[in-house]
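An overview of the molecular structure
As a plain string of letters, each chain reads:
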Amino acid sequence: PPLSLLLALRSMASAWRMGATALASLILIAVAFRDQFSSSVSTGRVSGGCVGTRLIVNTKRSGLGSQKQMPASCSSFSRFGVLGATRSTLRFRGGGDDGRATFINCVNEGKEEFSSYLSEAGANRASLERIIEEFAESHHDEVAFLLENMPKKHLREIPYEILASSITLSKRLREEAPWGGDVPLEIYLNDVLPYSCVTEPIEDWRPFLHAKFAQKAFDEAAGQASTAASIEKAALWLNENVFRELNVTYKAFYPGHHPDQGVFESMSLGYASCTGLSVILVAACRSVGIPARVAGTPSWTTDSSGESLVQDVAMHGLSKAGQNHNWVEVYATHNIVCIRSCIR
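Okay, so let's go over this structure. (Residues numbered from 1 in each chain as written. Predicted model: local features only at pLDDT ≥ 70, side-chain atom pairs only at ≥ 80, totals over all residues. Heavy atoms only, no water.)

Right, let's talk about the overall build of the protein chain for a bit. In terms of helices and strands, the protein chain carries twelve helices and eleven strands. Restricting the contact set of the protein chain to residue pairs at least 6 apart, pairs at least 24 apart contribute 68%. Carbon and sulfur atoms provide 54% of the accessible area of the protein chain, an area that totals close to 18,200 Å². (Helix = DSSP H or I, 4+ residues; strand = E, 2+ residues; numbered from the N terminus. Contact = heavy atoms within 4.5 Å. Areas by Shrake-Rupley, 256 points an atom, 1.4 Å probe, with all protein chains shown as cover.)

What follows is the structure in structure tokens.
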């Protein structure tokens, strides 16, 4: 054959070999991507999806070190035969979402993120796993905060129902309460979301108190000039009405008394000390989305007349009546309002 034809056939064969090599490389990359991605989410499936999984990608647009996250559907990767339609998060490094992205790694942040808490849960593990599966994606901040900060004893004991109502109702109030959007995230997590204040028993008080007081508190706060004024108005209204509505009054000592009573315990007994009353008021505030906490002193240094109590404390300890006290602090947009439980 003519030399030109031989050279042309040789060039075509070389191009075919290069193309085949490139295609094989792409197939290997796709298979590796599929295997890595599939294994990373195999422990975190719910409703056919992946829980808390993030695809880590790199955008080469600006070379900046910043990262972005955006909700996305894993179905965009279904051409690799990976998972089909699931939910995930894309994290981008670089100047923008529209930069050219290349796959780096796939990291599972589902149950593995909370594995240390699950290992502490003992017989209560199934309840915590259910919380993680149902809420780790839609209520991630709430789930992470509660699991990280609750006492280890609670990891082993807290029922699913109490965690679920705390997580869902708190977030709903963040969106629906007149002041909800003005409460910083860290304040909301620390002073609205928690289901307890001190060492009181774990009780599911939130739905009950919300149904009883939320709309009345919202109505009372309507028309105020600022968010701070709305919170203060609602909190003071709760302080004036909650104890009467729940039929609980102050008493220092009585049969069945212990300082750290829960809301329903105090309602059953009809009495509570300053600590028990503070627990009730904090719970009522949190049930309507108002950030609140119990504050206190183990010992006053002076009595109401100004006389020193230092010698009495040294001699009798902190158990002497009148030397310790608890009250409630409410966050009202950069101001802390101190409230003494109001009994009439």
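So, next bit.
Applying the stated rule across the entire model yields zero disulfides. Free of any disulfide, Cys285 has its nearest cysteine sulfur in Cys197, 9.8 Å distant. Take Cys285: its relative accessible area is 0%, and that puts it in the buried class. (Disulfide = S-S within 2.5 Å. Buried < 20%, exposed > 50% of the residue type's maximum accessible area, 1.4 Å probe, protein only.)

Two numbers describe how helix H8 (residues 206-221) lies on helix H9 (residues 227-246): the axes approach to 9 Å, and their chain directions differ by 135°. By the angle class used here, H8 and H9 are oblique. H9 is crossed by H8, and the crossing has right-handed handedness. Between H8 and H9, the contacting residues are Phe208, Leu209, Lys212, Phe213, Lys216, Ala217, Glu220 and Ala221 on the first element and Ser230, Lys233, Ala234, Trp237, Leu238, Val242, Glu245 and Leu246 on the second. Along the lines of polarity and charge, the residues of the contact of H8 with H9 split into ten nonpolar, one polar and five charged. (Axes fitted to C-alpha atoms, helices over the stretch in contact; angles between N-to-C directions. Parallel < 35°, antiparallel > 145°, perpendicular 65-115°, else oblique. Left-handed = near helix turned anticlockwise from the far one by under 90°. Nonpolar A, V, L, I, M, F, W, Y, C, P; charged D, E, K, R; others polar.)

Another aspect to go through is helix H3 (residues 125-135). By the burial criterion, the buried members of H3 are Leu128, Ile131, Ile132 and Phe135. Buried positions in H3, seen along its axis, are confined to an arc of 100° and lie on one side of it. Where H3 is buried, its residues touch helix H2 (115-120), helix H4 (140-149), helix H5 (152-157) and helix H6 (160-176). (Arc of directions from axis to C-beta.)

By size, the foremost hydrophobic cluster in this structure holds 38 residues, and its most contacted members are Trp179, Leu238, Cys285, Val288, Ile290 and Val330. Of all the elements in the fold, those that place two or more residues in this core are H6, H8, H9, helix H11 (274-287) and strand S10 (325-331). Counting residues per element, this core draws most heavily on H9, which supplies nine residues. If we ignore the near neighbours within four places in the chain, the residues touching Val288 are Leu173, Ala177, Trp179, Phe213, Ala214, Ala217, Phe218 and Leu238. (Core = buried A, V, L, I, M, F, W, Y, C linked by side-chain atoms within 4.5 Å.)

Let us look at the pattern of salt bridges. For the structure shown, the criterion picks out six salt bridges. Here Glu134 makes a salt bridge to Arg130, at a shortest N to O gap of 3.0 Å. You can see Glu134 and its partner Arg130 sitting in helix H3, four residues apart, about one turn around the helix. (Salt bridge = Lys/Arg side-chain N within 4 Å of Asp/Glu carboxyl O.)

Now for the pairing of S10. Among the seven residues that make up S10, seven are buried, leaving the element largely enclosed by the rest of the structure. Burial along S10 is two-sided: His325, Trp327, Glu329 and Tyr331 facing one way and Asn326, Val328 and Val330 facing the other are all buried. With six bridges connecting them, strand S9 (residues 292-297) and S10 associate as antiparallel partners. Across the sheet, residue Thr297 finds its bridge partner in S10, namely His325. (Pairing = 2+ DSSP bridges.)

This part takes up the environment of Val198. Assignment of secondary structure puts Val198 in the loop between helix H7 (185-191) and H8. Looking at Val198, the relative accessible area reads 39%, which means it is partly exposed. Measuring from C-alpha to C-alpha, the distance between Val198 and Gly276 comes to 9.9 Å, with 78 residues separating the pair along the chain. Ignoring any residue separated from it by four or fewer positions in sequence, one finds Val198 in contact with Asp260, Thr275 and Val279.

Phi angles above zero are rare outside glycine, and Asn247 is one such case at about 60°. Mapped onto the secondary structure, Asn247 falls in the loop between H9 and strand S7 (249-250).

Here Pro298 is to be found in the loop between S9 and helix H12 (310-316). Separated by 26 residues in sequence, Pro298 and Asn324 place their C-alpha atoms 4.6 Å apart.

What follows deals with the side chain of Arg286. Take Arg286: it is sitting in helix H11. Of the polar contacts made by the side chain of Arg286, one reaches the backbone oxygen of Pro194; its length is 3.4 Å. Those residues within four positions of Arg286 in sequence are excluded, and the remaining contacts are Leu173, Asn190, Asp191, Val192, Pro194, Ser196, Cys197, Trp205, Arg206, Ala292 and Arg293. (Polar contact = N/O pair within 3.5 Å; in protein donor to acceptor, adjacent residues only side chain to side chain.)

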